[in-house]
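Listed here are the chains, written in short residue letters.
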Amino acid sequence: SASSTADGVAVVGSGLIGRSWAMLFASGGFRVKLYDIEQQQVTGALDTIRKEMKLLEQSGALKGSLGAEEQLALISGCSDLREAVEGTVHIQECVPENLELKQQLFAQLDQIVDGNVVLSSSSSCLLPSKLFAGLVHVRQCLVAHPVNPPYHVPLVELVPHPETAPATMARTYALMRQIGQSPVRILKEVDGFALNRLQYALIGEAWRLVEARIVSPGDLDLVMSDGLGLRYAFIGPLETMHLNAEGMLSYCDRYREGMKRVLKTFGPIPEFSGAVAEKVHQAMCVKVPDDPEHLSARREWRDGCLMRLAKLKGQVQPP
Ligand code: NAI
């Protein structure tokens, strides 16, 4: 059968992100072993994955060329780490964002694995130089940082340790493409990688504009969701520059002085606390009250939007 010949992947940690990775790898036809220190997390994961895949199939949004049942047959739970990683080509670590915990786990994996498997961490903000320090298999290690929700947002940031082998980056890049994700190479590690550095630049200026009472919190979000965000789903900030003049150099000639003038007026790092935090919180709660029901209903709506956007993006790829 397909499942006995397919390459194997291990997902270590069966929470929110581990579940998404399991579904993505199965969509690409990989055999997936799901492991967790909490057995009920694995059971819960298998249960949620089954429900989600059925829903995705019904709505025509299931990824990959296999049906939901075929993909589900590729995923199995495992309560022994050694057994979970045995014979796999890729191990995706998805345990909580805690440096000591992840270091312990990678030290454990370092003793089990051979020289072929890739050891990949989902960490959002821990640096590879910290995560993989001193490992024998450091050449096989990297961070592959997904974006929530990974099933609907394809970007994955690949971040190497200074000693990561180029082949490890290349193999992981190819694997991500194979499961329909969109990998980018971060050429050397930096705090926040690329996505969070851009995100925090935006959040920082959003906060300063609200704090200075230049714009209300609701209108601030509209600047993105009804303005910049629409084009950013298709072209990035650099291509935007290129298209908004007669090419990039023309844009720089025209707007360089204006950009530099405005950039000089950016304020200091906000505290993200106190009265301003209260004010922003109140404003957000008008639209989405912060009880679990309203929050999860809004997240479901967001995921539905992202799913439809992904479909649209698939239809509008340029020649
Ligand atoms: P989570 O809390 O939902 O899941 C973590 C799982 O790891 C739990 O099931 C827990 O039982 C298990 N676990 C704890 N210690 C373990 C061990 N020693 N061995 C095996 N399993 C263990 O966390 P979540 O949100 O899935 O995050 C996982 C990683 O993904 C973190 O590094 C996080 O920074 C990263 N990430 C999270 C995103 C998010 O939006 N939640 C987005 C991108 C990355």
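This report concerns the structure included in the present document. (Residues numbered from 1 in each chain as written. Predicted model: local features only at pLDDT ≥ 70, side-chain atom pairs only at ≥ 80, totals over all residues. Heavy atoms only, no water.)

This next bit is on the side chain of Arg-19. Residue placement: Arg-19 occurs in helix H2 (residues 16–27). No salt bridge is formed by the buried Arg-19; its nearest oppositely charged neighbour, Asp-36, is found at 6.9 Å. Among the polar contacts made by the side chain of Arg-19, one reaches the side chain of Thr-48 at a distance of 3.2 Å. Ignoring anything within four residues of it in the chain, the contact list for Arg-19 reads Ser-14, Gln-41, Gly-44, Ala-45, Thr-48 and Ile-49. (Helix = DSSP H or I, 4+ residues; strand = E, 2+ residues; numbered from the N terminus. Buried < 20%, exposed > 50% of the residue type's maximum accessible area, 1.4 Å probe, protein only. Lys, Arg positive; Asp, Glu negative; His and termini not counted. Salt bridge = Lys/Arg side-chain N within 4 Å of Asp/Glu carboxyl O. Polar contact = N/O pair within 3.5 Å; in protein donor to acceptor, adjacent residues only side chain to side chain. Contact = heavy atoms within 4.5 Å.)

Turning our attention to the site of the ligand. Inspection of the region around the ligand gives 23 residues, with Asp-36, Gln-41, Glu-97, Lys-102 and Ser-124 positioned closest. Residue Leu-16 places a main-chain N or O atom 3.1 Å away from an oxygen atom belonging to the ligand. Ile-37 places a main-chain nitrogen or oxygen 3.5 Å from a nitrogen atom of the ligand. Here the ligand, which alone exposes 830 Å², has 78% of that area covered by the protein. For the shell around the ligand, the secondary-structure elements that each account for two or more residues are H2, helix H6 (99–112) and strand E6 (141–146). For the shell around the ligand, a count of residues per class yields 10 nonpolar, 9 polar and 4 charged. (Near = heavy atom within 4 Å. Areas by Shrake-Rupley, 256 points an atom, 1.4 Å probe, with all protein chains shown as cover. Nonpolar A, V, L, I, M, F, W, Y, C, P; charged D, E, K, R; others polar.)

On to the sheet that holds strand E7 (residues 155–160), then. Read across the sheet, 8 strands follow the order E3-E2-E1-E4-E5-E6-E7-E8 without closing on themselves; strand pairing throughout is mixed. If you trace the sheet from one side to the other, it starts and ends with strand E3 (75–78) and strand E8 (182–185), each paired once. Shown here is a sheet whose adjacent strand axes are inclined to one another by a mean of 25°, direction ignored. Across 4 bridges, strand E2 (residues 31–35) lies against E3 in parallel orientation. Paired with Val-32 across the bridge in E3 is Ile-75. (Pairing = 2+ DSSP bridges. Axes fitted to C-alpha atoms, helices over the stretch in contact; angles between N-to-C directions.)

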